[in-house]
Amino acid sequence: QVQLVESGGGLVQAEGSLRLSCAFSGLSFSTWTLGWFRQAPGTEREFVAAFAWGSFAYYADSMKDRFTISRDNVKNTVYLQMNSLRPDDTAVYYCAARNGGYSGRNYQYPYWGQGTEVTVSS
């Protein structure tokens, strides 16, 4: 059974940093893709970053200069380091998983965590 548990969200001032964690179980990191998505109120859930097959990192163009995805194979955890945060980064951030290669489309991820809320104040 695939399980994804996010943590690390909170309130931060603009230009600050946060590191989100996604602890996963029930999947093989070497053959699955783990992604981060976010959803602000009234908007579509959008792609942020993904780690495919344990080796390949992908980013949304608008976030690649500020966000970094990384992994800890021992802890079965994927991280999203977010720097230079802006008020428009405010959203619920979700970890998602799919059995296969990279995709930036949320509907291609069948497994989702409960989300962690990030609020960036100006």
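Details of the structure are given in the entry above.
Cut-offs used in this document
- Residues numbered from 1 in each chain as written.
- Predicted model: local features only at pLDDT ≥ 70, side-chain atom pairs only at ≥ 80, totals over all residues.
- Heavy atoms only, no water.
- Core = buried A, V, L, I, M, F, W, Y, C linked by side-chain atoms within 4.5 Å.
- Buried < 20%, exposed > 50% of the residue type's maximum accessible area, 1.4 Å probe, protein only.
- Helix = DSSP H or I, 4+ residues; strand = E, 2+ residues; numbered from the N terminus.
- Contact = heavy atoms within 4.5 Å.
- Disulfide = S-S within 2.5 Å.
- Phe/Tyr/Trp six-rings, centres within 6.5 Å; stacked < 30°, edge-to-face > 60°.
- Lys NZ or Arg CZ within 6 Å of the ring centre and 35° of its normal.

A. Seen up close, the nonpolar core. One finds Leu4, Leu34, Trp36, Leu80, Met82 and Tyr93 to be the most contacted residues of the largest nonpolar core, which totals 34 residues. Elements with a contribution of two residues or more to this core: β3 (18–25), β4 (32–39), β5 (46–52), β7 (67–72), β8 (77–82), β9 (91–99) and β11 (116–121). In this structure Tyr93 touches Glu6, Leu20, Trp36, Phe37, Arg38, Val48, Phe67, Leu80, Met82, Gly115, Thr116 and Val118, once residues within four positions along its chain are discounted.

B. The arrangement of the state of the cysteines in detail. In the structure shown here, the tally under the stated rule is one disulfide. Here Cys22 engages in a disulfide with Cys95; their sulfurs sit 2.1 Å apart. The sign of the S-S torsion, about -75°, decides the handedness of the disulfide formed by Cys22 and Cys95: left-handed. In this pair, Cys22 sits in strand β3 while Cys95 sits in strand β9, placing the two residues 73 residues apart along the sequence.

C. The packing of aromatic side chains, seen in detail. Within the structure shown, the criterion is met by 10 aromatic pairs. Judged by centre distance (5.0 Å) and plane angle (75°), the ring pair of Phe37 and Tyr109 falls under edge-to-face. Here Tyr109 lies in the loop between β9 and β10 (111–112) and Phe37 lies in strand β4, a separation of 72 residues in the sequence. The residues Phe37 and Tyr109 share a single accessibility class, namely buried. On the basis of an interplanar angle of 15° and a centroid distance of 4.0 Å, the ring pair of Tyr58 and Tyr102 is categorised as stacked. Of the two residues, Tyr58 sits in strand β6 (residues 56–59) while Tyr102 sits in the loop between β9 and β10, which places them 44 residues apart along the sequence. Judged by its relative accessible area of 36%, Tyr102 falls in the partly exposed class. Feature note: the residues Phe37, Phe47, Tyr58, Tyr94, Tyr102, Tyr109 and Trp112 constitute an aromatic cluster, connected by ring pairs. Above the plane of the ring of Trp112 lies Arg45, whose end atom (NZ or CZ) is 4.7 Å from the centre.

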